[in-house]
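Each chain, written out:
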Amino acid sequence: PSTTSDPAAAAGAAAGTLAELTGAAQHDLAVILGSGWRPAAEEIGTPTAELSMSELPGFTAPSAVGHSGQVWSVPVAGKQVLIMLGRTHLYEGGGVEKVVHGVRTATAAGCGTIVLTNAAGGLRQGMQVGQPVLISDHLNMTTWSPLVGARFTDLTDLYAQRLRDIARDVDPSLEEGVYAGMAGPHFETPAEIRMLRALGADLVGMSTVQEAIAARAAGAEVFGLSLVTNLAAGITGEPLNHQEVLEAGKAAAGRMGKLLRSLVERA
Ligand code: 6GU
C-alpha cells in the first residue's frame with residue numbers, strides 16, 4: 001500500500017525524515033503555531049535545526065498568507081520541542097488527512113503533548129482584540145472527522161485540565177472559552193455568529209479541532225490557545241479582513257511566546 005493511503009505510515013515516514021534532518025531521535029512536545037505567530041516561536045527558544053515543511057514527506061507548503069511552512073527543533077528545559085510554523089487548513093481543499101498530518105507526524109516522532117495555537121474571532125461579550133484565551137472545549141462545526149475509517153475516541157477533557165491549570169498558574173488573568181471550528185475560508189455571517197453564541201461558543205476560527213481530535217486519538221495530551229485577533233461578524237458592525245488578523249497576531253506575539261515558553265518548561 002502507498003503511504004498516501006495509510007495515514008499512520010505517512011506520519012511514520014515523515015517522523016523518520018524529521019529525525020534524520022534534525023538529528024533529534026525523538027521530540028517530546030509539539031507546538032503548532034497559527035497565522036502571524038512566527039515571533040512567538042522565537043520567544044520559545046533558539047532552534048538547533050530548522051527545515052522547510054516541503055522537505056518532509058506528505059507535507060504540502062501551507063498556502064495561507066502568514067504561514068511560512070517552517071519546522072524548528074528547539075531544546076527547552078530538557079525537552080526537545082518541535083515547532084511547526086504554519087499548518088494546513090480544511091479550506092485549502094486537500095482533505096482532513098492533510099490537516100492532521102503535522103500532528104500525526106509529531107506524535108509519531110514521540111510527542112506526548114500537542115500545543116495548538118490559533119487566531120480566532122471573539123464572540124463573548126467583553127472580549128478584547130489581543131486577548132489570549134485558553135480553549136476549554138470545542139464545537140467541531142466542519143462536519144469532518146480525521147478518524148473516519150477508525151473507531152470511537154473519547155473526547156472528554158480533550159483540552160487537558162492539567163495543562164490549563166499550568167497555564168493559569170503562569171498567568172492567572174487568562175480566561176477560558178469554547179472554540180467553534182469552521183471549515184471556512186469565508187468568515188461567518190452575523191446570523192451564524194448569533195447561532196454559534198447560542199450554541200455556547202466563545203471563539204470562532206478555521207483550525208485546531210481536527211488536529212485536537214487526531215492528537216487525542218494518538219494518545220497525546222492537548223493544549224489549545226487562541227488569540228482574539230478580531231471580534232466576530234456583526235459585533236462591531238465593521239467588515240472582517242485577514243490583514244487585521246495578521247496584525248493582531250504580530251502585536252501579541254511576544255506575550256504569546258513568553259506564555260508558551262513557560263508552559264513548555266512546566267508541561
Ligand atoms: Cl471571525 N471567523 C473565523 N472562522 N475565523 C477567524 C475569525 C472569525 N477571526 C479570526 N479567524
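Before reading further, recall that the structure is shown in the block above.
Below or above, wherever it landed, is the structure these notes cover. (Residues numbered from 1 in each chain as written. Predicted model: local features only at pLDDT ≥ 70, side-chain atom pairs only at ≥ 80, totals over all residues. Heavy atoms only, no water.)

Moving on to the overall build of the chain. Along the backbone of the chain there are seven helices and nine strands. Whereas a compact globule of 267 residues would reach a radius of gyration of roughly 18 Å, the chain reaches 17 Å, a difference of no more than 12%. Projected onto its principal axes, the C-alpha coordinates of the chain cover approximately 50 × 40 × 35 Å. Residues classed as buried in the chain amount to 54% of the 267 residues present. Residue pairs at least 24 apart in sequence account for 81% of intrachain contacts in the chain once pairs closer than 6 positions are excluded. In the form shown here, the chain has an accessible surface area of approximately 11,000 Å², with 52% of it arising from carbon and sulfur atoms. Taking the 18 positively charged and 26 negatively charged side chains of the chain as two groups, their mean positions are separated by 3 Å. (Helix = DSSP H or I, 4+ residues; strand = E, 2+ residues; numbered from the N terminus. Rg over C-alpha atoms; globule rule 2.2 N^0.38 Å. Buried < 20%, exposed > 50% of the residue type's maximum accessible area, 1.4 Å probe, protein only. Contact = heavy atoms within 4.5 Å. Areas by Shrake-Rupley, 256 points an atom, 1.4 Å probe, with all protein chains shown as cover. Lys, Arg positive; Asp, Glu negative; His and termini not counted. Charge placed at Lys NZ, Arg CZ, Asp CG, Glu CD.)

The next subject is the site of the ligand. The environment of the ligand is made up of 13 residues, and the closest members are G121, E188, G205, N230 and L240. Contact distances for the ligand include 3.1 Å between a nitrogen atom and a backbone N or O atom of G121. Contact distances for the ligand include 2.5 Å between a nitrogen atom and a side-chain N or O atom of E188. Relative to its unbound accessible surface of 290 Å², the ligand loses 96% to contact with the protein. Looking at the shell around the ligand, the elements that each hand over two or more residues are β5 (113–122), β8 (203–205) and β9 (221–231). The element best represented in the shell around the ligand is β5, accounting for three residues. (Near = heavy atom within 4 Å. Polar contact = N/O pair within 3.5 Å; in protein donor to acceptor, adjacent residues only side chain to side chain.)

What follows covers the side chain of T22. If you trace the backbone, T22 turns up in helix α1 (residues 7–22). Judged by its relative accessible area of 13%, T22 falls in the buried class. Only 2.7 Å separates the side chain of T22 from the backbone oxygen of L18, close enough to count as a polar contact. There is a polar contact of 3.2 Å between the side chain of T22 and the backbone nitrogen of A24.

In this section: the packing of α1 against helix α3 (residues 96–108). Two numbers describe how α1 lies on α3: the axes approach to 8 Å, and their chain directions differ by 55°. If you check the angle between α1 and α3, you find them oblique. Crossing of α1 against α3: the hand is right-handed. Seen from α1, the contacting residues are P7, A10, A11, G12, A14 and A15; seen from α3, they are E97, H101, R104, T105 and A108. Within the contact of α1 with α3, the residues separate by chemical class into six nonpolar, three polar and two charged. (Axes fitted to C-alpha atoms, helices over the stretch in contact; angles between N-to-C directions. Parallel < 35°, antiparallel > 145°, perpendicular 65-115°, else oblique. Left-handed = near helix turned anticlockwise from the far one by under 90°. Nonpolar A, V, L, I, M, F, W, Y, C, P; charged D, E, K, R; others polar.)

So yeah, pure geometry; function would need other evidence.
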